[in-house]
Amino acid sequence: MGTLKDRLNDDLHAAMKSRDDLITSTLRMALAAVRTAEVAGKEARDLTDAEVLAVLTKEAKKRREAATAFADAGRTEQAAKETAEGEVLDRYLPKQLTDAEIADLVTRALAEGGFTGKAQMGQAMKAVQAAVAGRAEGGRVAAEVRRQLV
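Nothing here was measured: the structure is a model prediction, and the numbers come from that model.

So, on to the environment of Thr-98. With respect to the secondary-structure elements, Thr-98 resides in the loop between helix 4 (76-90) and helix 5 (99-113). Residues Thr-98 and Leu-31, 67 residues apart in the sequence, show an inter-C-alpha distance of 28 Å.

Next comes the structure, spelled out in structure tokens:
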């Protein structure tokens, strides 16, 4: 199948051939973010699929936040564009967990780790994030951990 970055490149070429401007511009932006991440640090390197996925997740979150900001400002056309770009990026991300699934994962992780109080929030979040594995935004997970820790 190849790497996720290869898939992004292949889909970019297909979108360019079909003259799909939205997908072309979105994938170019995503690949630029991946290349920027590759050269960050002391020396350039190829990112793993998990690291590329993290970059795509961050870019998708930026699109959601921008869409909300534009919608709040009454700029519906720009908000729709940001939403559409986010939907293109979502095709490459794992299916997001529902609130009920997050609650279940948090309950199990807290029980397994023996976390009981708010003082253990950091340790609990580390354990829960390992179980969630990028399938939910950190804010949603943190809210559920806070709710369940007494």
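Bringing the side chain of Glu-38 into the picture now. Secondary-structure assignment places Glu-38 in helix 2 (residues 21-39). Of the polar contacts made by the side chain of Glu-38, one reaches the side chain of Lys-5; its length is 2.9 Å. When residues no more than four places from it in sequence are discounted, the contact partners of Glu-38 are Lys-5, Glu-43, Ala-44, Arg-45, Asp-46 and Leu-47.

In this structure, Leu-8, Leu-27, Val-52, Leu-56, Leu-89 and Tyr-92 are the most contacted members of the largest nonpolar core, which totals 20 residues. For this core, the secondary structure elements donating two or more residues are helix 1 (4-17), helix 2, helix 3 (49-72) and helix 4. Ranked by the residues each element gives to this core, the list is headed by helix 2, at seven residues. Ignoring anything within four residues of it in the chain, the contact list for Tyr-92 reads Leu-4, Arg-7, Leu-8, Asp-11, Leu-27, Leu-53 and Leu-56. By size, the runner-up hydrophobic cluster in this structure holds 17 residues, among which are Leu-105, Phe-115, Val-132 and Leu-149.

A word on the pattern of salt bridges. Under the counting rule described, the total for this entry stands at twelve salt bridges. A salt bridge links Arg-63 to Glu-59; its shortest N-O distance comes to 3.4 Å. Residue Arg-63 and its partner Glu-59 are located together in helix 3, separated by four residues, close to a single helical turn. Grouping residues by exposure puts Arg-63 and Glu-59 together as buried. In this structure, a network of salt bridges that share partners links the residues Glu-59, Lys-62, Arg-63, Lys-81, Glu-82 and Glu-85.

The next subject is the packing of helix 2 against helix 4. Relative orientation of the contacting elements helix 2 and helix 4 amounts to 70°, with a least axis distance of 10 Å. Considered as vectors, helix 2 and helix 4 are oriented roughly perpendicular to each other. Seen along the crossing, helix 2 lies across helix 4 with a hand that is right-handed. Only Ala-84, Glu-85, Val-88 and Leu-89 of helix 4 make contact with helix 2, whose side of the interface consists of Leu-22, Ile-23, Ser-25, Thr-26, Leu-27, Met-29 and Ala-30. Class assignment for the residues of the contact of helix 2 with helix 4 results in eight nonpolar, two polar and one charged.

Below, the discussion takes up the domain arrangement of the protein chain. Often, the extent of an interface is quoted as the loss of accessible area on bringing the components together. One can read the domain layout of the protein chain as domain 1 (4-91) and domain 2 (99-148). Centre-to-centre, using C-alpha coordinates, domain 1 lies 28 Å away from domain 2.

Compared with the 27 Å implied by 1.5 Å per residue over 19 residues, the 27 Å span of helix 2 between its first and last C-alpha is a close match. Of all the residues in helix 2, the buried ones are Ile-23, Thr-24, Thr-26, Leu-27, Met-29, Ala-30, Leu-31, Ala-33, Val-34 and Glu-38. Summarising the contacts, the buried residues of helix 2 are in contact with helix 1, helix 3 and helix 4. Two or three places before Leu-22, at the start of helix 2, stands the capping residue Asp-20, its side-chain oxygen 3.3 Å from that residue's backbone nitrogen. Just downstream of helix 2, Gly-41 is the residue with a positive phi angle, here 100°.

This part is about unusual backbone geometry. Positive phi, normally seen in glycine, also occurs at Arg-19, with a value near 60°. Within the secondary structure, Arg-19 sits in the loop between helix 1 and helix 2. Since its relative accessible area comes to 71%, Arg-19 is described here as exposed.

What counts as what
- Residues numbered from 1 in each chain as written.
- Predicted model: local features only at pLDDT ≥ 70, side-chain atom pairs only at ≥ 80, totals over all residues.
- Heavy atoms only, no water.
- Helix = DSSP H or I, 4+ residues; strand = E, 2+ residues; numbered from the N terminus.
- Polar contact = N/O pair within 3.5 Å; in protein donor to acceptor, adjacent residues only side chain to side chain.
- Contact = heavy atoms within 4.5 Å.
- Core = buried A, V, L, I, M, F, W, Y, C linked by side-chain atoms within 4.5 Å.
- Buried < 20%, exposed > 50% of the residue type's maximum accessible area, 1.4 Å probe, protein only.
- Salt bridge = Lys/Arg side-chain N within 4 Å of Asp/Glu carboxyl O.
- Axes fitted to C-alpha atoms, helices over the stretch in contact; angles between N-to-C directions.
- Parallel < 35°, antiparallel > 145°, perpendicular 65-115°, else oblique.
- Left-handed = near helix turned anticlockwise from the far one by under 90°.
- Nonpolar A, V, L, I, M, F, W, Y, C, P; charged D, E, K, R; others polar.
- Domains from an automatic or database assignment.
- Expected span 1.5 Å × (residues − 1).

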